[in-house]
Amino acid sequence: MDRWLWAVRLTKTRPDAAEACRAGHVRVNDRTAKPATTVVAGDTVRARINDTTRIVEVARVIQKRVGAADAVTCYLDRTPPPPPAVAAPVAVRDRGAGRPTKRDRRVLEKWRAGQP
């Protein structure tokens, strides 16, 4: 398992992949995977790496690390897209209005804190 995660470039290094397995962040077919767990084509791998959960289906098992273009062909990415980021409204000042006054700053701080 750790070798496959590293070979298809889901983790940066093989020790990172092994550590993720030991910590319980990798599951194969909804079972916790150890670093020595073998994978076969058709397995579903759920790995939490760098605070993101990746869900991939094994298309091809490889043992050696390959280029990024070849690595992408070894799995099918089933990870749902992240939710859209909501942009916070930005306070707009007229161009050339100068620095905010003390009163403007207090109003802006109340608005940022969510007070009426």
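You'll find the structure just up there.
Here goes a summary of the coordinates provided. Counting restarts for each chain, with residues numbered from 1 along the sequence as it is written. Local features in this predicted model are restricted to residues whose pLDDT is 70 or higher, and side-chain atom pairs enter the listing and the counts only when it is 80 or higher, whereas totals over whole chains, interfaces and linings include all residues. In computing side-chain properties, one takes all heavy atoms of the structure into account and sets aside hydrogens as well as water.

Focus: the nonpolar core
By convention a nonpolar core is built from buried Ala, Val, Leu, Ile, Met, Phe, Trp, Tyr and Cys residues, the set being connected through side-chain atoms within 4.5 Å. Only protein chains enter the calculation, and the probe is 1.4 Å; a residue is then buried if its accessible area is under 20% of its type maximum, exposed if over 50%, and partly exposed in between. Residues Met1, Trp4, Leu5, Val8, Leu10, Val26 and Val45 are the most contacted members of the largest nonpolar core, which totals 22 residues. Put simply, DSSP marks the helices as runs of H or I at least four residues long and the strands as runs of E at least two long, and each gets a number from the N terminus on. Going through the elements one at a time, helix 1 (2–7), helix 2 (14–22), strand 1 (26–28), strand 3 (44–49) and strand 4 (52–58) are the ones with two or more residues in this core. Contact between two residues is taken to exist if any of their heavy atoms lie within 4.5 Å; hydrogens are not considered. Filtering out sequence-adjacent residues up to four positions away, Leu5 remains in contact with Leu10, Thr11, Ala17, Cys21, Val26 and Val45.

Quick look at helix 4 (residues 102–113)
Expected helix span is taken as 1.5 Å per residue step, with the number of steps being one fewer than the number of residues. The first and last C-alpha atoms of helix 4 sit 17 Å apart over 12 residues, in line with the 16 Å expected at 1.5 Å per residue. Where helix 4 ends, the next residue or the one after it, Gly114, has phi of about 85 degrees, a positive value.

Comments concerning the environment of Thr37
Tracing the backbone shows Thr37 in the loop between strand 2 (31–32) and strand 3. Each C-alpha atom, one on Thr37 and one on Asp77, is 20 Å from the other, the two residues being 40 residues apart in sequence. A distance of 2.9 Å separates a polar side-chain atom of Thr37 from the backbone nitrogen of Lys34. Identification of polar contacts relies on pairs of N or O atoms within 3.5 Å, with a donor-acceptor requirement for protein atoms, meaning one able to donate a hydrogen and the other able to accept it, and with residues adjacent in sequence counted only if both atoms are side-chain atoms.

Quick look at the side chain of Asp2
As for its placement among the helices and strands, Asp2 is situated in helix 1. For Asp2, a relative accessible area of 10% corresponds to the buried category. With near-sequence residues (within four places) excluded, Asp2 lies in contact with Arg14, Ala17, Ala18, Cys21 and Pro35.

Thoughts on the pattern of salt bridges
In a structure, side chains of opposite charge can pair up when their charged atoms sit close to one another. A pair is scored as a salt bridge if a Lys or Arg side-chain nitrogen falls within 4 Å of a carboxyl oxygen belonging to Asp or Glu. One pass over the structure, following the stated rule, counts 5 salt bridges. Among the ionic pairs, Glu19 bridges to Arg22, the shortest N-O distance being 3.5 Å. With Glu19 and Arg22 both in helix 2 and 3 residues apart, the pair spans about one turn of that helix. Residue classification places Glu19 among the partly exposed positions, given a relative accessible area of 44%. With a relative accessible area of 57%, Arg22 lands in the exposed category. The partner of Asp77 in a salt bridge is Arg54, with the nearest N and O atoms 3.3 Å apart. Of the two residues, Asp77 sits in strand 5 (residues 75–77) while Arg54 sits in strand 4, which places them 23 residues apart along the sequence.

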